[in-house]
Amino acid sequence: MRGRWTGGSDVDPGCSVPGAGPLAVGWRNVLDPRLRDRWRRGPVMSAPRVVRAAAIQIAPDLESADGTLARVLAAIDEAADRGAQLAVFPETFVPYYPYFSFVQPAVRMGADHLKLYERAVTVPGPVTQAVAERAKARRIVVVLGVNERDHGSLYNTQLVFDADGRLALKRRKITPTYHERMVWGQGDAAGLKVVDTAIGRLGALACWEHYNPLARYALMTQHEEIHCAQFPGSMVGQIFADQMEVTIRHHALESGCFVINSTGWLSDEQIQSITPDSGLQRALRGGCHTAIVSPEGVHLAPPLTEGEGMVVADLDMALVTKRKRMMDSVGHYARPELLSLAINDRPATTTVALHDTSPRSTADEHDHDTRRLQPATDDGAAVVRLAAG
């Protein structure tokens, strides 16, 4: 595997090059003994940076949040035993994805919705503590989807635990999809962040957020190297899996990053427990595509489309530069003076402290916000953040 030169010379030790000067004659002419020894040993290649990742396809415990957590911890151990430095779980895996909301009318889903409230995760809380401790013990980065309870609301939340157990990122799905809007509140752009971890720069999106190109671009501008995608799995049928594959491979190519995608799995018994209607049960089958894709859009291992298991692959991080050398969508291939992204990444709050009590017209306020969103004409920024104030 090719690497970067960190020492030595492209002139063979001991040879003489006409007209090259005395220092190019060979190691005997190097005066510093340390440099002489380095020259004598010849060129040194830097160690390739390789990350082993595990995309986990797994079934939750639909009756117990503790049961699902136990499955998470066991899967972390299995991934670590297989040498993985990153483990990615499906969307809102703890305690489980709200499959009931896809097959039940709103008037009938109240009881199941309340159960989800009771079993949902508080951040921080016992679930995050247990996962953080296991991540630290096994020295592995963990990306976990949870149903987060924040007082009276639930959110589709993605948690990134670094290999030291630190919670590096908590973000909420910005727009729940279709039936999900009956279950979860909306997130904000405060969590559209790429974070530095023990394995590199890592970003994450959930499910159909990948069909929001501006959300993806927000992460691309932060130079993500590894993108973690999460889908529920066991829904909609084969078309969902086919669409998923197109989506993750496209993002890998466009972003020039690796994509680790994890989907959930339901057994026949679990499907029957969600709905006794055989027609509706068909809506809870298929739609699984757990996979790992390179920056060149290539599967690094066969995808997992049925049953539980994990896809494990080694990520040669040199492929990120290889791809971006040709096409860097937020660098040499961008045209920020023509097209740029404005992001309001302030946390959404229901209260705002009014420090300025002077009257201001609506027109003045609009002009003020517009000025804050204007990028400098020569700063070359691909993204403009809405300033606080």
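Residues numbered from 1 in each chain as written. Predicted model: local features only at pLDDT ≥ 70, side-chain atom pairs only at ≥ 80, totals over all residues. Heavy atoms only, no water.

Draft legend 1. Fine view of empty space enclosed by the protein. Applying the stated rule across the entire model yields two cavities of 30 Å³ or more. Considered as a void within the structure, the largest cavity measures approximately 50 Å³ in volume. Residue lining of the largest cavity: Pro60, Pro90, Glu91, Thr92, Phe93, Tyr96, Tyr97, Tyr99, Pro232 and Gly264, and that is the complete set. Tallied by class, the residues present in the lining of the largest cavity amount to seven nonpolar, two polar and one charged. Put simply, the second largest cavity is a space of about 30 Å³. Taken together, Met220, Glu254, Ser255, Lys324, Met327, Asp328, Ser329 and Val330 make up the full set of residues lining the second largest cavity. (1 Å grid on protein atoms, 1.4 Å probe; cavity = no way out; pocket = protein on both sides within 12 Å on 5 of 7 lines; lining within 4 Å. Points joined across faces, edges and corners; volume = space filled by probe spheres on them. Nonpolar A, V, L, I, M, F, W, Y, C, P; charged D, E, K, R; others polar.)

Draft legend 2. Expanded view of the sheet that holds strand β10 (residues 291–293). Ordered in space as β6-β7-β8-β9-β10, the five strands form an open sheet in which the pairing is mixed. For this open sheet the edge positions go to β6 (195–197) and β10, each flanked by a neighbour on one side alone. Averaged over all neighbouring strand pairs, the angle between strand axes comes to 25°, with direction disregarded. Here strand β9 (residues 258–263) runs beside β10; their pairing, made up of three bridges, is antiparallel. Residue pairing in the sheet places valine 259 in a bridge with valine 293 of β10. Sheet contacts for helix α7 (residues 238–255): β8 (226–231), β9 and β10; angle to β9, the most-contacted strand, approximately 160°. (Pairing = 2+ DSSP bridges. Helix = DSSP H or I, 4+ residues; strand = E, 2+ residues; numbered from the N terminus. Axes fitted to C-alpha atoms, helices over the stretch in contact; angles between N-to-C directions. Contact = heavy atoms within 4.5 Å.)

Draft legend 3. Quick peek at unusual backbone geometry. In this chain, valine 94 is followed by proline 95 through a cis amide linkage whose omega measures -5°. Within the element layout of this structure, proline 95 appears in the loop between β2 (86–88) and α3 (100–103). Here the amide bond leading from valine 123 into proline 124 is cis, since omega sits at 0°, within 30 degrees of zero. The backbone phi angle of arginine 139 is positive, close to 55°, even though this residue is not glycine.

Draft legend 4. View of helix α5 (residues 126–138). For α5, spanning 13 residues, the distance from its first C-alpha to its last is 18 Å, which sits close to the expected 18 Å at 1.5 Å a residue. Turning to α5, its buried residues number three or more, namely Val127, Thr128, Ala130, Val131, Ala132 and Ala135. In this fold, the buried residues of α5 make contact with α2 (65–81), β3 (141–150) and β4 (153–161). Taken from the residues just after α5, arginine 139 is the one with a positive phi, measuring 55°. (Expected span 1.5 Å × (residues − 1). Buried < 20%, exposed > 50% of the residue type's maximum accessible area, 1.4 Å probe, protein only.)

Draft legend 5. Spotlight on the pairing of strand β7 (residues 200–206). Counting buried residues along β7, six of its seven residues qualify, which places the element largely inside the surrounding structure. Bridge analysis of β6 against β7 gives three bridges, and the strand direction is antiparallel. Its bridge partner lying in β7, valine 195 is registered against leucine 202. The hairpin formed by β6 and β7 contains two residues between the paired strands. Note that β7 and β8 share five bridges and pair parallel.

Draft legend 6. Examining the sheet that holds strand β1 (residues 50–57) more closely. Pairing is mixed across the open sheet formed by six strands, whose spatial order is β5-β4-β3-β2-β1-β11. Pairing within the sheet leaves two strands with one partner each, and these edge strands are β5 (167–172) and β11 (309–316). Pairs of neighbouring strands in the sheet enclose a mean axial angle of 25°, with direction left out of account. In this sheet, β4 lies alongside β3 in antiparallel orientation, the contact comprising nine bridges. Counterpart to glutamate 148 in the pairing with β4 is tyrosine 155.

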